[in-house]
Amino acid sequence: DAARARKVRLRLTPDEWYSSARGYLMAGEQAYANSNVNKDNRAKADAYMEEAREEYTKAIRFYQWAISSVRQASEDLVARLRVEPKCWIEIGTCYARMRHYLEAVIAFTAVLDNFKRERRALWLPDQAKADGKRFYTPAVKSLIEKLDEPKKGSIERACLMVNAMLAEIGKTKTTWA
């Protein structure tokens, strides 16, 4: 809090931001699980859910900092391909747990908007050009393959989660009609 009051910004690597965010996500998951275990005691369940929301909110902020950090290191494609898709998926998970389904859709869609094959071409160096070839190390190629992996890759998972969140939104009663 003292650092926040003095507006001190930590200078962490993308992996350190991600690890910190992951810790908050895990704390949120524990509180979320506790809220489900205590469904019979409404006050206790609500208190655990509020704790979960607080932890998820912290996680989202740290994931956003991880994304910002990895994008600033523009030539480190390995870090971007390793960290950013996981951050977006976990941001979406946090929003889904808080029942903020539209925000979850936006987070999961960010994976598709940035990492689908045709979209990657907008920010990845051109492999056909001599200066672009140097970026395509075995690690980069492996991470790209993992993104596109059927059923387990980030692209597939993001598509499934967008559909699941849209289904949840469809179940929500609105006062618009």
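Residues numbered from 1 in each chain as written. Predicted model: local features only at pLDDT ≥ 70, side-chain atom pairs only at ≥ 80, totals over all residues. Heavy atoms only, no water.

1. Overview of the side chain of Glu90
Here is the rule we go by: Helix numbering and strand numbering both begin at the N terminus, where a helix is a DSSP run of H or I of at least 4 residues and a strand a DSSP run of E of at least 2. Any N or O atom pair separated by 3.5 Å or less is treated as a polar contact, with the protein-specific requirement of one donor-capable and one acceptor-capable atom, and with residues adjacent in sequence counted only for side-chain atom pairs. We call two residues in contact when some of their heavy atoms are within 4.5 Å.
Mapped onto the secondary structure, Glu90 falls in helix α4 (residues 77-97). A polar contact is formed between the side chain of Glu90 and the side chain of Tyr63, at a distance of 2.3 Å. Not counting residues up to four positions away in its chain, the partners in contact with Glu90 are Tyr18, Arg22, Leu25 and Tyr63.

2. Points about the packing of α4 against helix α5 (residues 101-115)
For clarity, the cut-off: As a rule, the C-alpha atoms of each element are fitted with a line to give its axis, helices using only the stretch in contact, and angles between N-to-C directions run from 0 to 180 degrees. The scheme is simple: roughly parallel for angles under 35 degrees, roughly antiparallel for over 145, roughly perpendicular for 65 to 115, oblique for anything else. Each helix crossing is assigned a hand: it is left-handed if the near helix lies turned anticlockwise from the far helix by less than a right angle, otherwise right-handed if that turn is clockwise.
The interhelical angle for the contact between α4 and α5, taken along N-to-C directions, is 165°, at an axis separation of 7 Å. When the interaxial angle is binned, α4 and α5 end up roughly antiparallel. Of the two possible hands of crossing, α4 and α5 adopt the one that is left-handed. Packed against α4, whose contacting residues are Arg80, Leu81, Glu84, Pro85, Trp88, Ile89, Ile91, Gly92, Thr93, Tyr95 and Ala96, the element α5 presents Tyr101, Glu103, Ala104, Ala107, Phe108, Ala110, Val111, Asn114 and Phe115 at the interface.

3. With respect to the environment of Val70
Rules: Exposed residues in this analysis have more than 50% of their type's maximum accessible area, buried residues have under 20%, and partly exposed residues fall in between, with area computed by a 1.4 Å probe over protein chains only.
As for its position among the elements, Val70 is in helix α3 (residues 42-72). Exposure remark for Val70: the relative accessible area of 1% places this residue in the buried category. Separated by 53 residues in the primary sequence, Val70 and Trp17 place their C-alpha atoms 9.5 Å from one another. The residues touching Val70, leaving out its near neighbours within four places in the chain, are Pro14, Ala79, Arg80 and Glu84.

4. Some remarks on the packing of aromatic side chains
Keep this limit in mind: Note on aromatic contacts: the rings of Phe and Tyr and the six-membered ring of Trp form a pair at centre separations within 6.5 Å, being stacked when their planes are under 30 degrees apart, edge-to-face when over 60 apart, and tilted otherwise. Should the NZ of a Lys or the CZ of an Arg lie within 6 Å of a ring centre and within 35 degrees of the ring normal, that charge is described as sitting over the ring.
Taken as a whole and assessed by the stated rule, the structure comprises six aromatic pairs. Ring centres 5.8 Å apart and planes at 50° place the aromatic pair Tyr18 and Tyr63 in the tilted group. You can see Tyr18 sitting in helix α2 (residues 14-37) and its partner Tyr63 sitting in helix α3, a full 45 residues away along the chain. The exposure class of Tyr18 is buried, given its relative accessible area of 11%. On the accessibility criterion, Tyr63 (0% relative accessible area) is buried. Among the aromatic residues, ring-to-ring pairing joins Trp17, Tyr24, Phe62 and Trp65 into one connected group. If you follow Arg80 out to its NZ or CZ, it ends over the ring of Trp123, 3.8 Å from the centre. Its guanidinium or amino end placed over the ring of Tyr18, Lys86 lies 4.5 Å from that ring's centre, counting from NZ or CZ.

5. Considerations on α5
Put simply, the rule is: Under the convention used throughout, the expected extent of a helix is 1.5 Å for every residue step, that is, one less than its residue count.
Taking 1.5 Å per residue, 15 residues should reach 21 Å; α5 reaches 21 Å between its end C-alpha atoms and fits that length. On its buried side, α5 packs onto α3, α4, α6 (117-120), α8 (138-148) and α9 (154-171).

6. Quick notes on a nonpolar patch on the surface
What counts is decided by this rule: What makes a patch is a set of residues exposed beyond 30% relative accessible area and free of salt bridges, joined within 9 Å when like-charged and within 5 Å when nonpolar (Val, Leu, Ile, Met, Phe, Trp, Tyr). We get accessible surface area from the Shrake-Rupley algorithm with a probe of 1.4 Å; when it comes to residues, only the shown protein chains can shield them. Salt bridge, as used here, is a side-chain nitrogen of Lys or Arg placed within 4 Å of a carboxyl oxygen of Asp or Glu.
Together, Leu102, Ile106, Leu166 and Ile169 line one region of the surface with nonpolar side chains, adding up to about 370 Å² of accessible area. Breaking the nonpolar patch down by element, the ones donating at least two residues are α5 and α9. Assignment of secondary structure puts Leu102 in helix α5. Residue classification places Leu102 among the exposed positions, given a relative accessible area of 54%.

7. Considerations on the nonpolar core
Spelled out, the test is: Residue types Ala, Val, Leu, Ile, Met, Phe, Trp, Tyr and Cys, when buried and joined through side-chain atoms within 4.5 Å, form a set referred to as a nonpolar core.
In terms of nonpolar packing, the biggest core is built from 46 residues, with Tyr63, Trp88 and Ile91 touching the most fellow members. For this core, the secondary-structure elements that each account for two or more residues are α2, α3, α4, α5, α8 and α9. Per-element accounting of this core gives the leading share, 10 residues, to α4. Setting aside chain neighbours within four positions, we find Ile91 in contact with Ile60, Tyr63, Gln64, Ile67 and Ala107.

8. Focus: the pattern of salt bridges
If you walk through the whole model with that rule in mind, you get 12 salt bridges. Measuring nitrogen to oxygen at the nearest pair gives 2.6 Å for the salt bridge that ties Arg82 to Asp15. Pair noted here: Arg82 is in helix α4 and Asp15 is in helix α2, with a separation of 67 residues, a long-range link. In this structure, Arg120 engages Asp148 in a salt bridge whose closest nitrogen and oxygen atoms are separated by 2.9 Å. One end of the pair, Arg120, is in helix α6; the other, Asp148, is in helix α8, with 28 residues separating them in the sequence. Overlapping salt bridges bring together Arg71, Arg80 and Glu84 as one network.

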